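Commentary on secondary and tertiary structure
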Amino acid sequence: MDFKVGALEACKPTNGVVGCPPNSSHVSTVQNTTPIGSAEATLGRHLARRLVQVGVNDVFAVPGDFNLTLLDDLIAEPGLKLVGCCNELNAGYAADGYARSRGVGACAVTFTVGGLSILNAIAGAYSENLPIICIVGGPNSNDYGTSRILHHTIGIPDFSQELRCFQPVTCYQVLVNNLEDAHEQIDTAISTALKESKPVYISISCNLSAVPHPTFKREPVPFCIAPKLSNSMGLEAAVEAAAEFLNKAVKPVMVAGPKLRVAKACNAFLELADACGYPVAVMPSAKGLMKETHPHFIGTYWGAVSTAFCAEIVESADAYIFAGPIFNDYSSVGYSLLLKKEKAIIVQPDRVVIANGPAFGCISMKDFLPALVKKLKRNTTAYENYHRIYVPQGVPLQCDPKEPLRVNILFQHIQAMLSGDSAVIAETGDSWFNCQKLKLPDGCGYEFQMQYGSIGWSVGATLGYAQAAKDKRVIACIGDGSFQVTAQDVSTMLRCQQNPIIFLINNGGYTIEVEIHDGPYNVIKNWNYTALVDAIHNGDGKCWATKVQCEEELVEAIQTATEVKKDCLCFIEIIVHKDDTSKELLEWGSRVSSANSRPPNPQ
């Protein structure tokens, strides 16, 4: 599951300095870069070439008058496709989904009205540690520093509002309003996104993109991004301390967290799991980052809503190593995890903390985990305990003929659909809990947005992920409430000739909110969803939509979607009872409700 960033990994040399030729010394001389015709020696074309170089082949965009010339430059670049989205929010979500598969994503919108519309999606990508290059077409360079009032602004001659909004949700921001240092500004922004694995903001004045400049007359030199190096003495000390801590434990366990992705340490974690013999669990937001076919995999650790027998083994252990965890109120089920700090080793991408101390900084997780492998004694005690108490999961009660479909029956059939050629996108809501219980075959992708939890994310993410991973068929599980937020970009999936299978779970409202705190605001207006998708299709593209109300119809729909209509976008509306939820959501909702409703501390 370690992802690679385009040409950066492809040209990675033995000396570890990205962008330098193999077998070179640390100082390299670039010779004979290809000259570029004056018509192509522009800022816009340079940006386009940089995007292709780092692995971006699709930019999700919404046109506006400030970015139109820039979009011309992006379209003109071989290897780069412009994917027009129905709105900016979905373009951001699509870049998010694309980055999850490809390792980096990009989007392009217009000034303020576009930028502030995409801001929510960029904030979600920031929370999930995804490198996204957010490009905004900005005002004419001559308007900066004047008292002019422009359209698409809030009516004051201060154009910095959008920039100030992006500062908290991006790791780097640049305003390109002159050509002299534009090359350096853009390259610094893109390289920072890749190094920090966070979004960046690039605003380019609308009159600069197509202007030739000598800076851009040659092909851009490949990026030279120095790898983050561990402090060698600190690494040795951290490994010794961790090995001593774990080797004296009787029944240690290991748990994968979501920051394995940003640390690019999934393979290192798997290597440790193979060597140590500990039982292996994943935090809910790390599902898909660890092979679920591993012989010692015991499921999802999610406190009271964990996979059966998983929490008991983790919480009864006398030592646990968490790699890249995020402990928030959702992942801790309302702060109810029964973990003890003195039993834990917490390994973050650049830091290791052992119990109540010591802590070691400047330690790369990617270096630490393989080094730890060499020091650990194999210990299978905790896994043997798990194997001893484990009882196979039951199967749902069979449906009577034409009985209204139940959610547990739906996901039993979705389980049977999965293969290494699939990828699952789980929308915020009860799909979180039902999809968590799916057993992923090797190679099956899995994505959901747990930290930010923005409803509607999955429609755009499905578009972006499917555009990046054309070798997989995306299976998206989306609630009706979430779908109503972002439904328009089913249109873009059709324009891009994608073939996802969308299960629209129609239970009449915001079920996850109902289980936290019910009220009339959780009931939504029902739509004729299949008719809506047919209207969006409008005879243009490959699309098939159907409505399912019982198991017999579901079986027939899945067979059609996976055989006759395998090259089509398939939209399957599932009608279920409004109170048909997973037992995990019921438990989780009550605990999160309890955490939300804690009374104020006495003053």
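Here, every reference points to the structure presented above.
Numbering of residues starts from 1 in each chain and follows the order in which that chain's sequence is written. Local features are withheld for residues below a pLDDT of 70 in this predicted model, meaning they are given only at 70 or higher, and side-chain atom pairs are given and counted only at 80 or more; totals for whole chains, interfaces and linings count all residues. Hydrogens and water molecules were not included; the side-chain quantities draw on all heavy atoms of the structure.

1. A short note on the overall build of the protein chain
Note the cut-off: Counting from the N terminus, the helices are DSSP H or I runs at least four residues long and the strands are E runs at least two residues long. Here the globule rule is a power law, 2.2 Å times the number of residues to the power 0.38, and the radius of gyration is based on C-alpha atoms. Three labels apply to residues, based on accessible area from a 1.4 Å probe with only protein chains included: buried if under 20% of the type maximum, exposed if over 50%, partly exposed otherwise in between. Accessible areas in this description were obtained via Shrake-Rupley with a 1.4 Å probe; residue shielding takes into account the shown protein chains only. By the counting rule applied here, Lys and Arg register as positive and Asp and Glu as negative, while His and the ends of each chain are not counted. Taken as the charge location is NZ of Lys, CZ of Arg, CG of Asp or CD of Glu.
In terms of helices and strands, the protein chain carries 22 helices and 19 strands. Scaling as 2.2 N^0.38, a compact globule of 603 residues should have a C-alpha radius of gyration of about 25 Å, and the protein chain matches this with 25 Å. Projected onto the principal axes, the alpha-carbon positions of the protein chain cover approximately 70 × 65 × 60 Å. Looking at the protein chain as a whole, 56% of its 603 residues qualify as buried. In the structure as shown, the protein chain presents an accessible area of about 24900 Å², 52% of it carried by carbon and sulfur atoms. If you average the places of the 49 positive and of the 60 negative side-chain charges in the protein chain, the two averages end up 5 Å apart.

2. What to know about the pattern of salt bridges
To be explicit about the condition: Salt bridge, as used here, is a side-chain nitrogen of Lys or Arg placed within 4 Å of a carboxyl oxygen of Asp or Glu.
Scanning all chains against the criterion turns up 15 salt bridges. The shortest N-O distance in the salt bridge between aspartate 96 and arginine 100 comes to 2.6 Å. Highlighted residues: aspartate 96 and arginine 100, both in helix α4 (residues 88-102), separated by four residues, approximately one helical turn. For the pair shown, aspartate 96 and arginine 100 are each scored as buried. Linking glutamate 587 and arginine 591 is a salt bridge whose minimum nitrogen-to-oxygen distance equals 2.4 Å.

3. Details of the sheet that holds strand β14 (residues 422-426)
Quick note on the threshold: For two strands to be treated as a pair, DSSP must find at least two bridges joining them. Only the contacting stretch of a helix is used when fitting its axis, a line to C-alpha atoms as for every element, and angles between N-to-C directions run 0 to 180 degrees. Contacts are assigned to residue pairs with any non-hydrogen atoms lying within 4.5 Å of each other.
Spatially, six strands are ordered β15-β14-β16-β17-β19-β18 in an open sheet, and the strand pairing comes out parallel. For this open sheet the edge positions go to β15 (445-448) and β18 (543-548), each flanked by a neighbour on one side alone. Across the sheet, the axes of successive neighbouring strands diverge by a mean angle of 15°, strand direction being ignored. Where β14 meets β15, four bridges bridge the pair, whose relative direction is parallel. In the strand pairing of β15, valine 424 is matched with tyrosine 446. Against the sheet, helix α14 (residues 407-417) makes contact with β14, β16 (473-479), β17 (501-506) and β19 (569-575), and its axis sits at roughly 170° relative to β17, the strand it touches most. The sheet contacts of helix α21 (residues 551-562) involve β16, β17, β18 and β19, and relative to β18 the element is tilted by about 170°.

4. A look at the packing of helix α2 (residues 43-53) against helix α7 (residues 182-196)
Geometrically, a packed helix pair is captured by the angle between its two axes and the distance between the axes. Our working rule: By the definition adopted for this analysis, an angle is roughly parallel if under 35 degrees, roughly antiparallel if over 145, roughly perpendicular if from 65 to 115, and oblique otherwise. Left-handed describes a crossing whose near helix is turned anticlockwise from the far helix by less than a right angle; the clockwise case is right-handed.
Contact pair α2 / α7: the axes reach a minimum separation of 11 Å and the direction vectors enclose 25°. By the angle class used here, α2 and α7 are roughly parallel. Considering the relative orientation of α2 and α7, their crossing is right-handed. Where α2 abuts α7, its residues Leu43, His46, Leu47 and Arg50 lie against Ala182, His183, Ile186, Asp187 and Ile190.

Shape descriptors only; they carry no functional weight alone.
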